[in-house]
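Residues per chain are reported as follows:
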There are 4 protein chains.
Amino acid sequence: MIVVMKVGAPEPEIDRLTNEFSAWGLTPEKIVGKHKVVIGLVGDTADMDALQIQEISPWIEQVLRVEQPFKRASREYRHGEPSEVVISTPSGPVAFGQHHPLVVVAGPCSVENEEMIIAVAQRVKAAGAKFLRGGAFKPRTSPYAFQGHGESALALLAAAREVTGLGIITELMDAADLESLAEVADVIQVGARNMQNFSLLKKVGAQEKPILLKRGMSATIEEWLMAAEYIMAAGNPNVILCERGIRTFDRQYTRNTLDLSAVPVLRSLTHLPIMIDPSHGTGWASLVPSMAMASIAAGADSLMIEVHPNPSKALSDGPQSLTPDRFDQLMQELSVVGKAMGRWSAELPTLAAV
Amino acid sequence: MIVVMKVGAPEPEIDRLTNEFSAWGLTPEKIVGKHKVVIGLVGDTADMDALQIQEISPWIEQVLRVEQPFKRASREYRHGEPSEVVISTPSGPVAFGQHHPLVVVAGPCSVENEEMIIAVAQRVKAAGAKFLRGGAFKPRTSPYAFQGHGESALALLAAAREVTGLGIITELMDAADLESLAEVADVIQVGARNMQNFSLLKKVGAQEKPILLKRGMSATIEEWLMAAEYIMAAGNPNVILCERGIRTFDRQYTRNTLDLSAVPVLRSLTHLPIMIDPSHGTGWASLVPSMAMASIAAGADSLMIEVHPNPSKALSDGPQSLTPDRFDQLMQELSVVGKAMGRWSAELPTLAAV
Amino acid sequence: MIVVMKVGAPEPEIDRLTNEFSAWGLTPEKIVGKHKVVIGLVGDTADMDALQIQEISPWIEQVLRVEQPFKRASREYRHGEPSEVVISTPSGPVAFGQHHPLVVVAGPCSVENEEMIIAVAQRVKAAGAKFLRGGAFKPRTSPYAFQGHGESALALLAAAREVTGLGIITELMDAADLESLAEVADVIQVGARNMQNFSLLKKVGAQEKPILLKRGMSATIEEWLMAAEYIMAAGNPNVILCERGIRTFDRQYTRNTLDLSAVPVLRSLTHLPIMIDPSHGTGWASLVPSMAMASIAAGADSLMIEVHPNPSKALSDGPQSLTPDRFDQLMQELSVVGKAMGRWSAELPTLAAV
Amino acid sequence: MIVVMKVGAPEPEIDRLTNEFSAWGLTPEKIVGKHKVVIGLVGDTADMDALQIQEISPWIEQVLRVEQPFKRASREYRHGEPSEVVISTPSGPVAFGQHHPLVVVAGPCSVENEEMIIAVAQRVKAAGAKFLRGGAFKPRTSPYAFQGHGESALALLAAAREVTGLGIITELMDAADLESLAEVADVIQVGARNMQNFSLLKKVGAQEKPILLKRGMSATIEEWLMAAEYIMAAGNPNVILCERGIRTFDRQYTRNTLDLSAVPVLRSLTHLPIMIDPSHGTGWASLVPSMAMASIAAGADSLMIEVHPNPSKALSDGPQSLTPDRFDQLMQELSVVGKAMGRWSAELPTLAAV
């Protein structure tokens, strides 16, 4: 923090302030100029509010934050190196991170029934996905809308995991479900609407399963990293960040605005792996392929894509889901950019020469 | 819902669709024109997604929503009449609603210690407030920031209630704290960050204490009313809506943008009482008085105002808190508009003639 | 500007920078602390870009702006006193400003024909308006929509002015029309879409007619004041600022979000008079009355309200226009808040006792 | 347009409405159902306002727009085929469009002096750019900031054109400069702040030089296409659309939010060529490379990139400019994605094998 004093601030007032800052456990460093005095505050200022400091004296002109408020999530915390989040799945460990091949997560919005979820799992596995996504508990705007099949859906995800060897990613909405969900999930998702449900963040931080943290609809990058910090401060270092579109003034042709610049911005600020969800990010299946291509080119470490055997009959989010056939084709199309970027695993499908 | 078919849509396809809609439990009403056919869908369409319906046939040109997706929260649900939420406090029942005098809620962001909370409670009571606000559990962006004193703060609120006779409004962040919090609180607040924490909404809907539901930072009016609908659908009809500023592109001179037009918009859409929080809504104490005046003139039923004995030492949200002296003065200033609007209770202070 | 150097910045580099800043015409003031050096930049930094300064040395940690970039528009420019913009109309001078009664501007979106504009002018005059608004040149999203009757409409406005004695406010879209428009208009409006049409700002700044400057749809308060600064720097000190709603994520029940906190924010930043346009600010006639009430309570100096004899037949913006009868009634309703705020001129109508 | 009548709307009222619609030149098509009547409006409804129609009868339940309001800009206007905008430059014609190789436009924000602009032109030409961008007239937030060298800068651009053979793209801010600017420019840019300066749009539509139309900071895709429609309706079919970042709530790490989903959205809506400007779109040079990569992968037809010989001394927009060396390297990096997407011209540089 930099505290800029007004011209003419009296010496005793400056002394009073430096004493006050010291009493807060900070090291104030007085910098005396010809006209003005500036006080630099060294120490644990992450929990301080610049606006609030400003009010402790009428002689303060402005208080300016210099440091980032996040620590464990910061790139500096790992001396500039990216972290990798390695997840053990029935088919072996899968690593998410800047120095690893792209990891594709696919599946339906909701788990609808056993036949459906296993069929989708088999198709996305064959197409190259490493993880199956599928909601057992669904956050829905309306209380009258389908809320997910809950615990019974968890059992179906477990079955799909066993049959295909895919890892499972599913969303936790209520801490009361944490135990049963963690038995099935290889990665626990915290959804956009719960990104600042701090109680939930603390609880998933206090257990061992890796966390997929979606960006809130109107969360700044800093707030998002602070949410990751909640999880990490509680003891869980395995956090994957997922951009899923932000809310802007234009919602006519896309449901959200996919903020792809989050990829290079996050890359410079944090060591955590970065996933992009072009399905929620755009809200329309027809826009998913180009945005998936762009995500890889922007440097994303992972993609999450909704696939449904029959999007028009989906119980939720049908319009943004691809069919398994379209997903097969997309994986081939993605190979072109994936290879160009050096992020395409040798075992993934590639576009057949025409 | 209105389903507009493309020109030339074949009769068998239209028949297939009407059968499909009937299978969903709806009553499709076919409207045949010279060039086009339109199918009106009557029934419980609140949980339906226009986008999704569109995908069930390539012959559908557009699907348009006509109905409001909320029911219990709608003005029509009470035949156009406003509801009143009557809260019993130690000093007797207090009613929130369009046909009642303005209710003022005041107090600090956080409960800091016994002396402080009782002192503030006495001051705001003397100035005309009917409820004391004060956080025991605080949602903070940083895990390293003060998180509230928790259960011990609840005991202090109980003490302030007993001493002053004020009703208590405090925020619930974790369903695990519901029972202990409900013992003290006369109104349970669901904060902006949890407005779409649907698990929490269902739980506060399944108990009896009235709920103060703050608008999410980027929640549309419709999403906000749907969040109220979650609570009401779970059985609790006593919901007060509180606008506290939305997130926009300009955050330089205000922390949020207070959306005062929410007052007349909500008035026409819902029967629920409407509160405005100009403290969070602007983020700066200096802006609170004019926005409080404007809120009353816009027709708000209640105001929530942050008051702290020493804002510069507040553990949270100091910059937006008024001192007790300033609050005294504000209450007198508000009397002028409050009386003009016919919403000023006879027992409230009035501006002394100069 | 405050330039914060990194720890360990070498002395020669600091010297190089101070020389560079001097060469730019600034007075650099070096403030040396134990660990860090900070350079304060005194002088004309309004045209400097903090980001840009940061790039002139890898040893710069951060550059922070301390000053406001606007001068003539700033409250300090008039030593804390509000300015008044006095407009001469056929009925005598009318003053806009903090220490003057509320000025009401009313009229249709577009001038449609002589009979209509004169009828509206007579009605709004009778109801207490001092100025007639009415578009001759209309900014329309579609090139195929009615673009205003242009020059011929100016003649009709002149006729209405003569008949009623009202001052005229009308929008300039093209500098080529400035001369003919200035012959008729008592106040020239620069619309939201042209708020950063800097060529136009310079031209209206170089003539004498007072300017009504509407806020751009996504303009920050600072950008808006900088647009006023363009006009003032070009020589015209008579600028009235008009808030007309900003663009946010929620456009379902209002076309724009009226930012009423702009009133107290502007009051502290600038001496210029402040007008609110609740008609464009909400987009719906039914919301105009409460927002007009709230504007007065918030401290606005002026209101602009759309009135149309037959809103359903209006060539533009019908849905947000009041009928003359509704406007009559509104003026009476407004008297209640206007008097309470001490801003209601004795000659204005008041609400008849019931 | 679809006009939905309320249940019980009387037959004479429906007849009155259909007559009214006919009088407007539309063909109303009455669709009679069991409970409701719906009136479809066929004809030129682009200039109609759904809200306005709604007010012509209290028996209208809702008016819904079905058609797109743009015509010449629509993909249908060219029967689904993309258009190509072919620009003649001293080095021969260059085509922008979906079926052509990527076109790169590069250069400084402002033309500063002859040596500088020619040096940059030579460097970007050597690196593969086909067009030089450079501002003679600069839109600046502050009237005190550098406003561009104006006419003299046009002469320097002409010199750079002659020396290098590059085409010239430069911004028009004032219709008064159109003639002199068109003498030098091969493409005339209309900037973001003037996207809805309808007078300017009409004037550039009435001349022959191709237009680069930047998206307004808070313009919806539809408003942007309507701005293109203004130009096309005035007679100029050669419009290139350029996305340059939109304004959102998060401006901490990027100046704007680059909306890359605009690429597939525009592709489906319009036949016009699509350019992306990642320099303004992010505001930071360090973010430009990944966003340029992503733009190509998303399917953009062209890139506009700011290059400055010494960004820290740039008179405007230094922080977002690349050095010529970094631009050389970027062009090689882009070749990888450009080739993968089949959009890399054989004459462009490619990444040397390591």
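Definitions and cut-offs
Residues numbered from 1 in each chain as written. Chains lettered and ligands numbered in written order. Predicted model: local features only at pLDDT ≥ 70, side-chain atom pairs only at ≥ 80, totals over all residues. Pairing = 2+ DSSP bridges. Helix = DSSP H or I, 4+ residues; strand = E, 2+ residues; numbered from the N terminus. Axes fitted to C-alpha atoms, helices over the stretch in contact; angles between N-to-C directions. Least-squares fit on C-alpha atoms with pLDDT ≥ 70 in both. Contact = placed C-beta atoms within 7 Å. Domains from an automatic or database assignment.

1. Here's the deal with the sheet that holds strand S7 (residues 103–107) of chain C
Two modes of strand pairing occur in sheets, parallel and antiparallel, and in both the strands are linked by backbone hydrogen bonds. Residues and elements named next belong to chain C. Pairing is parallel in the closed barrel, where 8 strands are placed in the order S7-S8-S9-S10-S11-S12-S13-S14. Along the sheet, successive strands turn relative to each other by an average axial angle of 25°, direction set aside. Bridge analysis of S7 against strand S8 (residues 131–133) gives 2 bridges, and the strand direction is parallel. Each bridged residue has a counterpart across the sheet, and for Val105 the counterpart in S8 is Phe131.

2. Points about the relation of the copies chain A and chain C
In the superposition of chain A on chain C (RMSD 0.1 Å, axial shift 0.1 Å), the rotation amounts to 180°. Expressed as a symmetry operation, the mapping of one chain copy onto the other fits a two-fold axis. Among all C-alpha atoms of chain A, that of Phe249(A) lies closest to the rotation axis, at 2.1 Å. Taken as a fraction of all interface residues of chain A, those also at the interface in chain C reach 100%, which identifies the copy contact as same-surface.

3. Describing the interface of chain A and chain C
With 19 residues of chain A at the interface, the matching set in chain C holds 19 residues. Elements represented by at least two residues in the side of chain A that touches chain C include exactly strand S1 (2–5), strand S2 (27–32), strand S3 (37–42) and strand S4 (60–64) of chain A. In terms of residue count, S2(A) provides more of the side of chain A that touches chain C than any other element does, 4 residues in total.

4. Looking at the environment of Met341(C)
All names here are of chain C. Along the chain, Met341 turns up in the segment after helix H11 (324–340). When the C-alpha atoms of Met341 and Pro101 are compared, they prove to be 9.7 Å apart, with 240 residues separating the residues in sequence. Among all residues touching Met341, those that are not within four sequence positions of it are Ile296 and Ala297.

5. Considerations on the domain arrangement of chain A
According to the domain assignment, chain A contains domain 1 (2–64) and domain 2 (75–340). Of note, the centres of domain 1 of chain A and domain 2 of chain A, computed from C-alpha atoms alone, are 44 Å apart.

6. Considering the sheet that holds strand S13 (residues 274–276) of chain A
All names here are of chain A. Here we have 8 strands rolled up into a closed barrel, ordered S7-S8-S9-S10-S11-S12-S13-S14, and parallel in their pairing. Between one strand and the next, the sheet's axes are offset by a mean angle of 25°, whatever the strand orientation. The sheet contacts of helix H3 (residues 114–127) involve strand S7 (103–107) and strand S8 (131–133), and relative to S7 the element is tilted by about 155°.

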